[in-house]
Amino acid sequence: MNDAIVGTKSMVVSPHYLASMAGDEILQKSGNAFDAAVAVSACLAVVYPHMTGMGGDSFWLLHDAKSGKMISYNGSGRSGSQVTREAYKGKEAIPIRGIESAITVPGMIDSWDEIISQYGNLTLSDVLQPAIEYAENGFPFSKSQYENSETHFDLLSSIPETAEIFIPDNKVPAINEKFVQKKLAQTLKQIAEKGRDEFYKGDLAKHIIASLQEKGSLLTLDDFTAHKGEWTEPIKTTYRGLTMYQVPPNSQGFVGLMALNILEDFDLGMIKHGSYEYYHLLVEALKLCFRDRNKELTDPDFHDIPLERLLDKRYAYQLGNEIGWKEAVDMDTKPVGRDTAHAAVVDKDGNAISFIQSLYFEFGSAIVAGDTGILMQNRGSFFSLDPNEVNCLEPNKRSFHTLMPAMACKDGKPAIVYGTQGGEGQPQTQTIIATRMIDYGMNPQQAISEPRFVWGRTWGDPTRELKIEGRVSKDVTDRLKEAGHIVNVVDDFHQAMGHANAIVIDEQGFLHGGTDPRSDGAAIGR
């Protein structure tokens, strides 16, 4: 479980083995890392439909070997032009499921087109072929989809169009039973044949909008037509001689950089891995970063986010001084969605890409757009209806976003390409696996497989608790409780910890790949 897969030329990691295989297939057909990444993304939208899909968003972090340039793409959608707080008058919050939660335009398909057209060797039609095949001919129903379908059976069965696809014959398919999505296959074929604009401007867009409006949606065709993602400059900091990159807001990526800035002032070499001090320090550092995130994060077009101050090493030193070794900081946080899919690819030329995509919650809004097979995301449900909140709902606004692909470079070249599923858990798991690889010398598979924690709330949790896997010693969990952490010891490999992936490029140029034993993933190296 702790041995990484080692490749000499290329590496693909993702939370589903079929998606990883699709990426590798594209690399063998003269595609580069960017072509392969879009193929993986599209396959995940088919074989991991509870986590991601064409009705959702994505963020991308790219290193182009030819230019030596690091760049990011924000593939998140905005709320509709008619989506106002007044539309939810009388409600305390935006519903988290159903048509009222599907209020932002999906950004992922636009991002596919941008990545391929700007950096790919192949066409969008070329890289969508594996996904089309899996949708049309079927694939083995995964353990993750089975567990999530069982958990959300009542939700899925309450909406006829959704039930028809995801719980055929009113039962959850068995693990490894063939799962076919003919309507989704047809939709993918339309996009492969007619391109990105078919989804945002063409007959497919018109059909999606008509079906959503029939259910009461506030989204319009003009909202889809106006959508365009954004190429952005990544944000960065340094940690132990590496340059650490994240995508900028509306992503929470800066939290991952803030946490590393705090930890850099501590000598982790003097702190035993897996000890009380290790877990307590990481949890407390991250909580302090969440305090600023919750205050500042939203669409930067609507709020001036003080990144210069937040990423200042002097500010990190101040935050670090707030950490007490014997007492947990008492703070609250808001529950956020957790179900996403991260993947990464590095090719023989040194191109590297880390990307993550999501429907926000498991199965998103649970609303299927007509007979397209597309589940619509419920990302917009995280907007606040309180006008005094920084992330308050406005028309044409991008929400606070959990998605945050990461990359670390050494001497201008990718050294670690990593990320994870998990909403509130993303900066936590990223910080855990980064410190394990950088400070403790673990290979990516070991760093991912070792016990993990996640602090915070998920929907329905009455308290902000520290979930920690059962493989952590009782002595450590007891000391965490004594310090004031609300400890919940969970299963040894618990789904709340997310599904992480990482690729490490060593000094020989070999690629070490690790995927999460909590997922259905695979690392494929050549």
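Cut-offs used in this document
In every chain, residue numbers begin from 1 and rise along the written sequence. With the structure being a predicted model, the display of local features is reserved for residues of pLDDT at least 70 and the display and counting of side-chain atom pairs for 80 or more, all residues being used for whole-chain, interface and lining totals. With hydrogens and water stripped out, all remaining heavy atoms of the structure feed into the side-chain values. UniProt positions are given in the numbering used here, feature names are shortened, and annotations may be inferred rather than shown by experiment. Where helices and strands are cited, they refer to DSSP runs of H or I of at least four residues and of E of at least two residues respectively, numbered from the N terminus. Here, residues are in contact when the closest pair of their heavy atoms is within 4.5 Å. Only buried residues count toward a nonpolar core, which is a set of Ala, Val, Leu, Ile, Met, Phe, Trp, Tyr and Cys residues joined through side-chain atoms within 4.5 Å. The rule is simple: take the accessible area with a 1.4 Å probe, protein chains only, and divide by the maximum for that residue type; under 20% is buried, over 50% is exposed, in between is partly exposed. By this definition, two strands are paired if DSSP reports at least two bridges between them. The sign given to each residue is positive for Lys and Arg and negative for Asp and Glu; His and the chain ends receive no count. A pair is scored as a salt bridge if a Lys or Arg side-chain nitrogen falls within 4 Å of a carboxyl oxygen belonging to Asp or Glu. Any N or O atom pair separated by 3.5 Å or less is treated as a polar contact, with the protein-specific requirement of one donor-capable and one acceptor-capable atom, and with residues adjacent in sequence counted only for side-chain atom pairs.

Participant: Can you walk me through the UniProt feature "active site" (unreviewed entry) in the protein in this structure?
Facilitator: When the UniProt feature table is mapped onto this chain numbering, "active site" (unreviewed entry) sits at T340. Tracing the sequence through the fold places T340 in strand 10 (residues 339–346). Not counting residues up to four positions away in its chain, the partners in contact with T340 are M51, I356, Q357, S358, L403, T420, Q421, G422 and Q426.

Participant: Just checking my understanding: could you explain the nonpolar core for this structure?
Facilitator: Taken as a class, soluble globular proteins show a tendency for nonpolar side chains to be buried jointly. Core analysis: the biggest nonpolar cluster contains 81 residues, and W60, W112, L188 and I353 have the highest contact counts within it. Per-element accounting of this core gives the leading share, 13 residues, to helix 2 (residues 33–47). When near neighbours in sequence (up to four residues on either side) are disregarded, W112 contacts V38, S41, A42, M54, W60, L124, L128 and L188.

Participant: Would you take a moment to explain the pairing of strand 17 (residues 500–505) for this structure?
Facilitator: For a regular strand, side chains alternate in direction, first toward one face of the sheet and then toward the other. The element strand 17 is extensively covered by neighbouring structure, given that six of its six residues are classed as buried. The two faces of strand 17 match: A500, A502 and V504 on one face and N501, I503 and I505 on the other face are all buried. Two elements, strand 13 (residues 413–420) and strand 17, share five bridges in a ladder whose sense is antiparallel. Residue T420 lies in a different strand from strand 17, and its bridge partner there is A500. Bridge count between strand 17 and strand 18 (residues 511–515): five bridges; the pairing is antiparallel. Paired with A502 across the two strands is G514, which belongs to strand 18. Once strand 17 ends, the chain turns through five residues before running back antiparallel as strand 18, passing G509 with a positive phi of about 90°.

Participant: Looking at this structure, I do not really get the side chain of D223. What am I missing?
Facilitator: Residue placement: D223 occurs in helix 11 (residues 221–226). It turns out D223 is buried and unbridged, and the closest side chain with the opposite charge, R78, is 10 Å from it. In terms of polar contacts, D223 uses its side chain to reach the backbone amide nitrogen of T220, at 2.9 Å. In this view, D223 contacts G80, S81, V105, L218 and N396; residues no more than four positions away in its chain are not counted.

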